[in-house]
Each structure stands twice: as C-alpha cells, then as structure tokens.
Amino acid sequence: MSDFNHITGKQLAAARALLGIGQVELAASANVSAPTLRRMEASKGAIEGLTNNVAAVVRALEDVGIIFIDSNGNGPGVRLRDPS
C-alpha cells in the first residue's frame, strides 16, 4: 500500500470518477460509511479521517488499479495501472 499521508481528498474523488463508481459503492468496498467517504473527499489538502478508514479507502482504490501520483513537479494526480 502507498503512503497515504500525501493523498488529497480531490485525488480520492478523481480516482473514483476515473473508475466510474459512486461514493456508496466505494464506501461499501472499503467498509466505511458513505458520509465518512464524503468527508474524506471534501478534505482540503491531505485526507482527513481516522487512519484505518483512510487506509481502507486507499487500499480499495489501489486494489482495483488506481495509482496515486504525488506532487512530482506537476501536482498530485491519479491514474489507472496498465492491466497488461
């Protein structure tokens, strides 16, 4: 699992959008409540929330192919892992 201290709420929302899934679906796969996920996505800067909940959401996204990109000079982002 990646170090999630640098992941932002906007990255969570972007990752979910890239996958084409809703908040309820992602929350269920991470075993957190939808309101918890909504609060995480609304975080300004780094994701706010209980460490175990943040880790569960990040892991759920990474398990289906999301790669979180840190601020490497071009700003943070997300991408899908190459399936091949």
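Preceding block: the structure.
Presented here is a report on the structure given in the accompanying data block. Since this is a predicted model, take the numbers as computed values, not measurements.

Quick look at unusual backbone geometry
Most peptide bonds take the trans form, and the phi angle of most residues other than glycine is negative. For N31, which is not glycine, the phi dihedral falls at a positive 60°. Its location among the elements puts N31 in the loop between α2 (23–30) and α3 (34–41).

What about the nonpolar core?
Ranked by size, the top nonpolar core spans 20 residues in total, and within it L12, L26, I47, V57, L61 and F68 carry the most contacts. Looking at this core, the elements with two or more residues in it are α1 (9–19), α2, α3, α4 (51–63) and β1 (66–69). In terms of residue count, the dominant contributor to this core is α4 (six residues). Look past the residues within four positions of I47 in its chain and what remains in contact with it is I7, T8, G9, L12, M40, V54 and V58.

Things to note about the packing of α3 against α4
The contact between α3 and α4 brings their axes to 11 Å, and the two run at 85°. Considered as vectors, α3 and α4 are oriented roughly perpendicular to each other. Contact residues: T36, L37 and M40 in α3; N53, V54 and V57 in α4. When the residues that make up the contact of α3 with α4 are grouped by side-chain class, the tally is four nonpolar, two polar and no charged.

What counts, and where the lines are drawn
Residues numbered from 1 in each chain as written. Predicted model: local features only at pLDDT ≥ 70, side-chain atom pairs only at ≥ 80, totals over all residues. Heavy atoms only, no water. Helix = DSSP H or I, 4+ residues; strand = E, 2+ residues; numbered from the N terminus. Core = buried A, V, L, I, M, F, W, Y, C linked by side-chain atoms within 4.5 Å. Buried < 20%, exposed > 50% of the residue type's maximum accessible area, 1.4 Å probe, protein only. Contact = heavy atoms within 4.5 Å. Axes fitted to C-alpha atoms, helices over the stretch in contact; angles between N-to-C directions. Parallel < 35°, antiparallel > 145°, perpendicular 65-115°, else oblique. Nonpolar A, V, L, I, M, F, W, Y, C, P; charged D, E, K, R; others polar.

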